[in-house]
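Structure assessment
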Amino acid sequence: MPTRLPRLKWHRALPLVSLAVALGLLLVMLIGVDRIVADDLTRRARFRIGQAAQTYAEELNRDLSQRALALDLLANSGALTSPDAGPQAWRHVLQRFRERDPNFVWLGLVAMDGTVLAGSDGLLEGESIAHRPVFAEGRLAPWFGSFHPPVVLKPLLEAAGEAVPAEVADMAVPVRDAQGRVWAVLASHFDAKAFALLREDVLGPPDGRRAMELAIVNQGRDVVMGYAPLPLGHWPAVRPSHDAPATPVQDDGRRRFMAAHVAVGATGLGLQSGWSVLATQPLDAALAPAHTLQRYVLFWGAVSALLIGGAGAWLSRRLARPYADMLDAVAAHLPSQPEHLPVDQIRDVLQQLVRRAVPAADRSPGEQLLLRLLADAQRLGHMLDQMPAPIFLVGEDGRLVYWNSQAAAVFGWDASAAGQPFDALLQWPDGGARWPGMAASDVGPWSFDAPVQTLAGREVWGAWTVSRLHDAEGHAAGLLAQVRDLTAERQANQRLLEQTETLAAVIQASSDAVISTDEGGRIVLFNPAAERIFGVAATEMLAQPLDRLIPERVRSAHHGEMERFAASRVSRRAMGVGRVAGLRSDGEELVLEASISQTTVQGRRVQTAMLRDVTERVRAERAQIQYQLELSELTHQLMDQERATTRRLAQLLHDRLGQSLTALRLSCEALSVRYGDKSDLGERLGKIDRLSQLALAEVREALVDLRPPLLEDQGLVAALDNEVQLHGRDRGRVALVFDVELQDAGQRWPADVEYAAFMIAREALTNALQHAAARSIQITLSRHAEALNLSVMDDGGGLPAEVAMGRPGHLGLVGMRERALAIHAVLTLGPREGGGTQVALQWEAGQ
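**Brief notes about the overall build of the chain**
Looking only at helices and strands, one finds 23 helices and 25 strands in the chain. With 847 residues in all, the chain has 40% of them scored as buried. Long-range contacts, defined here as pairs at least 24 residues apart, represent 57% of the contacts in the chain between residues at least 6 apart. Per element, the accessible surface of the chain, about 46,000 Å² overall, is 54% carbon and sulfur.

**What about the sheet that holds strand 13 (residues 446-453)?**
Across the sheet, five strands lie side by side as 12-11-15-14-13; this open sheet has antiparallel pairing. Of all strands in the sheet, those bounded by a partner on one side alone are strand 12 (400-403) and strand 13. With direction set aside, neighbouring strand axes in the sheet form an average angle of 30°. Bridge count between strand 14 (residues 459-470) and strand 15 (residues 476-485): nine bridges; the pairing is antiparallel. Considered in strand 15, the bridge of Trp-464 is made with Val-483. The sheet contacts of helix 13 (residues 487-509) involve strand 14 and strand 15, and relative to strand 14 the element is tilted by about 145°.

**Topic: the environment of Leu-27**
Considering the arrangement of structural elements, one finds Leu-27 in helix 1 (residues 7-75). Put simply, Leu-27 and Leu-298 are 271 residues apart on the chain and 8.9 Å apart in space, counted from C-alpha to C-alpha.

**Things to note about the confidence of the model for the chain**
Counting all residues, the mean pLDDT for the chain is 77, and 75% of those residues have values of 70 or more. Looking at the elements of the chain, mean pLDDT is at its lowest for helix 9 (residues 342-355), recorded as 49, and at its highest for strand 2 (residues 116-119), recorded as 92. The low-confidence segment residues 333-346 (pLDDT under 50) makes 18 contacts with residues lying over four places distant or belonging to another chain. This stretch, residues 805-810, has a pLDDT under 50; its non-local contacts, to residues over four places away or in other chains, come to four contacts.

**Focus: the side chain of Asn-218**
Tracing the backbone through its elements, the reader meets Asn-218 in the loop between strand 6 (213-217) and strand 7 (223-226). Among the polar contacts listed, one links the side chain of Asn-218 to the backbone nitrogen of Gly-220, at a separation of 3.1 Å. A distance of 2.8 Å separates the side chain of Asn-218 from the backbone nitrogen of Asp-222, its partner in a polar contact. When neighbours within four sequence positions are excluded, Asn-218 is seen to be in contact with Val-224, Gly-274 and Trp-275.

**Topic: the sheet that holds strand 10 (residues 276-282)**
Two orientations exist for strands paired in a sheet by backbone hydrogen bonds: parallel and antiparallel. If you trace the five strands from one edge of the open sheet to the other, you get 7-6-10-9-8, paired in antiparallel fashion. Here the strands that pair on one side only, and so sit at the sheet edges, are strand 7 and strand 8 (247-250). Taking the axes of each pair of neighbouring strands and ignoring which way they run, one obtains an average angle of 30° across the sheet. The pairing of strand 6 with strand 7 spans three bridges and is classified as antiparallel. Residue pairing in the sheet places Ile-216 in a bridge with Met-225 of strand 7.

**Considering the pattern of salt bridges**
For the structure shown, the criterion picks out 23 salt bridges. Between Asp-586 and Arg-584 there is a salt bridge; the shortest N-O distance is 3.5 Å. Assessed through its relative accessible area of 22%, Arg-584 is described here as partly exposed. When salt bridges that share partners are traced, they join Arg-584, Asp-586, Glu-588, Glu-616 and Arg-619 into one network.

**With respect to a nonpolar patch on the surface**
Together, Leu-293, Tyr-296, Phe-299 and Trp-300 line one region of the surface with nonpolar side chains, adding up to about 450 Å² of accessible area. Relative to the assigned elements, Leu-293 resides in helix 7 (residues 288-318). For Leu-293, a relative accessible area of 32% puts it in the partly exposed group.

**Thoughts on helix 2 (residues 87-100)**
What sets the pattern is the α-helix's 3.6 residues per turn: residues three or four places apart point alike. For helix 2, with 14 residues, the first-to-last C-alpha span of 20 Å sits near the 20 Å given by 1.5 Å per residue. For helix 2, every residue scored as buried is listed here: Trp-90, Val-93, Leu-94, Gln-95, Phe-97 and Arg-98.

**Things to note about the environment of Gly-830**
Along the chain, the position of Gly-830 falls in strand 24 (residues 826-831). On the basis of relative accessibility, which here comes to 11%, the residue Gly-830 falls in the buried class. Remark: the alpha-carbon pair of Gly-830 and Gly-798, spanning 32 residues in sequence, is separated by 8.1 Å. Residues in contact with Gly-830, not counting those within four places in the same chain, are Gly-836, Thr-837 and Gln-838.

**Remarks on unusual backbone geometry**
Even without being a glycine, Arg-221 presents a positive backbone phi close to 60°. By the element assignment, Arg-221 lies in the loop between strand 6 and strand 7.

Quick notes on the rules
Residues numbered from 1 in each chain as written. Predicted model: local features only at pLDDT ≥ 70, side-chain atom pairs only at ≥ 80, totals over all residues. Heavy atoms only, no water. Helix = DSSP H or I, 4+ residues; strand = E, 2+ residues; numbered from the N terminus. Buried < 20%, exposed > 50% of the residue type's maximum accessible area, 1.4 Å probe, protein only. Contact = heavy atoms within 4.5 Å. Areas by Shrake-Rupley, 256 points an atom, 1.4 Å probe, with all protein chains shown as cover. Pairing = 2+ DSSP bridges. Axes fitted to C-alpha atoms, helices over the stretch in contact; angles between N-to-C directions. pLDDT = per-residue confidence, 0-100. Polar contact = N/O pair within 3.5 Å; in protein donor to acceptor, adjacent residues only side chain to side chain. Salt bridge = Lys/Arg side-chain N within 4 Å of Asp/Glu carboxyl O. Patch = residues over 30% accessible without salt bridge, like charges linked within 9 Å, V, L, I, M, F, W, Y side chains within 5 Å. Expected span 1.5 Å × (residues − 1).

Written as structure tokens, this is what we have:
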């Protein structure tokens, strides 16, 4: 039988039990708020600062990319690509673009000598900006400059009644003509207010910022926009936008901050702003909700504990006798030598109170106060249950006593887990960090990262913080655990590791050589393809200078190119843009197509080149070029021989066969006069005369085909005009037009050029008349003595693409191409806009 405790002892101890429960729960809540809520708020602040810096950097990059692409599209389309369009056309294009995007304060088309050819609203036209970086840098590549006041534009804008921004930023792109040559620079100034608006959008409403600040920092580490409360020496290192976690730092006054420093990065055109985004937030401002919650819990918890303890003491004196039996009954359920299990003792007490509860109308004030104590305990348990991180309590006997809803969700515990041995609920890995257990010699707390496996087989990674709890007498009462779930973070790290391994495998399996060098020009990466191409093992090349792979004759030039690339703002040059020379280990020179990129890895600049061996292809290309040159020379000789043969044949037909036919006809006429009275002989002589006339006409027609009339004597213009008139008489239903646009009406070109151009025009005209079913044909001849442009256009059925490229059975087109090749001219055949076919010949002297 349990020993009956003195009535007075339990009467005095009962209010102390309620006070101890309230203080214990208050302690648990304070620890939870401090270690869980504060940790969670710190983690959220780290995430928010990193996300804000990354978002602002990405928004800046996106805005700069859009502006750069818009300027590039404007510079390479419309009237700006034509140097002959004139200032009015240029100004119209610039003005329309500025009306579509009012953020641009000024746009100007600048000649290569720095003179402004045209400007929006006519501003700065005729002025020279050759000394300005927006021109000097913009004529080389797309360029962006940082903020500055609009000193030159301010009086002009005020005079024009325009708003004057406080600061503007410069951006420029080169302008190319139709042949791809840079002939001007498109310069622009746009209002920096757009970046301030982006900053306000990222920061959000002022009442929700909690002292968070965003600042734009230039390459000189000067703040050009925003505010940076953290001193310069305490800034974190600049990180890429895809990997920019916030880090805790302290200033000189030991005030703690959460800060992230993110590079803005290059735009789609390779435009480098040199900017970075610095996001900062005082840690005390981020933890302000936790401190407020601590003060709230401490105040109301202390008030509740004092009220409960005071009420218990008053009731124990006031109601000692009426409740003696009840207290004796409670004491009867407790052992004579109570073990230090405050949770079990409190549970027994509460159960006895509930059993002795009477209907609400008959409850005494003491019963109501005790039941209120039960409700307070339930409310405290509810608050613990709402904590954002898993919390659970393991008793001194190693059994699970309490867990909140987050622990139930993470570890899969239900009501059946109550009282179960903790080691049976979670399986810990062998050889790693694990649960300390009640037998641990030190007093804790313990902090470690470790995985566990739940009963359902799910692996959970967590950051564990375990504290030992003691009762009022200092005895161990259990272990309180707080867990931060790291499973998602570990999975993300695992995916990153897999991606890194995949990238390494791709580099190893690449058929192109991949070589990376550090800032000192020494090799840090040399893949198997590089070993195969250069004939040297990677172990021999690592940490070696790149000069070993470069022929000595080009090393100095290569060093200069690499230095200029490193100093430029370009991050990548694509494969095939240029070819470089390489050197195998056996001394053989290689021809390589190269693409090069540069990036920053852990604060160090790394340059990576991808090289493709095209030595054999270059040899084949050179052999093909030599073959084409020889073929062109042979074609030229054949064309000369054809012209000489044709001239000789025409001369023979004219001087011999033509004269013989003429003599035959005269003889027939004489015989007809003499013997005309003989009908039979006269009829035969008339037939012979008609045949001789027909033969003579055919000889003259052959002479026209073999030796174009007027070509040698009066030139190409007269010969083409005669050809058009001849065909016009034969084809009256087709409208033939011959347009001549020459500086000199008697313009002549070299004889071989005139002959080839005439034969091409004749072939194109014949094709259009015989095969195209055209209603109109236009021949146009233009340019001057140093150049010739000839085009034949019709509105017929058009030329199929496969015929335009040449195919068997269409030797006329092949002949036209060979004639053009013989005089080093360019011949194009294709469909005409609006229907029909166009044949164009372009020849320039010295080409």
